[in-house]
Amino acid sequence: GRAVGTIKCGLCVVPPKEVWGQIQQVREQHDRYHSLWMPHINLKYPVLLTQPQVDLLPLLLAEALRNSPPFNVSLDSFGTFQHPLSTMLWARPSQGQFELRHLHFVLSQVFPFARDYAEGREMEGVDEYEPHLCLGQWSTIQEAEAFQ
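Description of the structure in this document.

The rules we used
Residues numbered from 1 in each chain as written. Predicted model: local features only at pLDDT ≥ 70, side-chain atom pairs only at ≥ 80, totals over all residues. Heavy atoms only, no water. Salt bridge = Lys/Arg side-chain N within 4 Å of Asp/Glu carboxyl O. Helix = DSSP H or I, 4+ residues; strand = E, 2+ residues; numbered from the N terminus. Buried < 20%, exposed > 50% of the residue type's maximum accessible area, 1.4 Å probe, protein only. Pairing = 2+ DSSP bridges. Polar contact = N/O pair within 3.5 Å; in protein donor to acceptor, adjacent residues only side chain to side chain. Contact = heavy atoms within 4.5 Å.

With that out of the way, let us pick up the pattern of salt bridges. Oppositely charged side chains can pair when the atoms bearing their charge come close. Across all of its chains, the model carries 4 salt bridges by this definition. Glu128 is the salt-bridge partner of Arg101, the closest N and O atoms lying 3.0 Å from each other. Of this pair, Arg101 sits in helix H3 (residues 97-110) while Glu128 sits in the loop between H3 and strand S5 (133-138), placing them 27 residues apart in sequence. With a relative accessible area of 26%, Arg101 lands in the partly exposed category. Residue classification places Glu128 among the exposed residues on the basis of a relative accessible area of 52%. Overlapping salt bridges, with partners in common, bring together Arg101, Glu128 and Glu130 in one network.

Turning next to the environment of Pro69. Mapped onto the secondary structure, Pro69 falls in the loop between helix H2 (51-64) and strand S3 (75-82). Residues Pro69 and Glu99, spaced 30 residues apart in sequence, show a C-alpha to C-alpha distance of 9.0 Å.

Attention shifts here to the pairing of S5. Judged by how many residues are buried, S5 sits mostly within the fold: 6 of 6 residues are covered. Note: strand S4 (residues 87-93) against S5, 5 bridges, orientation antiparallel. When the sheet's bridge partners are listed, Met88 is paired in S5 with Gln137.

With respect to the helices, strands and loops of the structure, Arg27 is situated in helix H1 (residues 20-30). At 3.0 Å, the side chain of Arg27 forms a polar contact with the backbone oxygen of Trp37. Setting aside residues no more than four positions away along its own chain, Arg27 makes contact with Tyr33, His34, Trp37, Met38, Pro39, Cys134 and Leu135.

Looking now at the side chain of His40. In this structure, His40 sits in the loop between H1 and strand S2 (41-50). A distance of 2.7 Å separates the side chain of His40 from the backbone oxygen of Met38, its partner in a polar contact. Apart from residues no more than four positions distant in its own chain, His40 is found in contact with Cys12, Val13, Val14, Pro15, His132, Leu133 and Cys134.

And the structure:
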């Protein structure tokens with residue numbers, strides 16, 4: 001569990017709403033979390049912060065990312081993560097891959113106590129940060145790959 005008085009936060013990249021249409025069509029059918037989370041690419045999750053830390057987050061992020069210029073992300077291929085009970089299909093960024101990895105690195109320096117979601121979980125083939133946007137969960141890898 002988390003410490004009393006902490007808030008579970010996620011630091012992520014959210015695509016502009018005007019491109020959500022196709023993503024949400026797939027997620028509404030296949031992602032059990034589509035109504036809880038907007039489409040996003042996690043950079044750090046979970047990050048456990050106190051309310052005073054949350055209040056300072058905009059300033060902290062602005063300072064940490066001051067040398068990171070804006071960039072575009074294109075999602076144009078797919079990948080899968082094998083979980084114990086399902087397979088996640090996700091969209092892979094081609095353009096923006098390096099920049100997302102750089103942001104993850106910078107945020108890892110700012111929040112060294114934040115564990116990456118995949119740490120300590122059974123996820124085949126994941127040994128480093130893999131930028132991705134979840135499209136949903138399928139029963140088997142064959143079903144997920146057929147959907148692509």
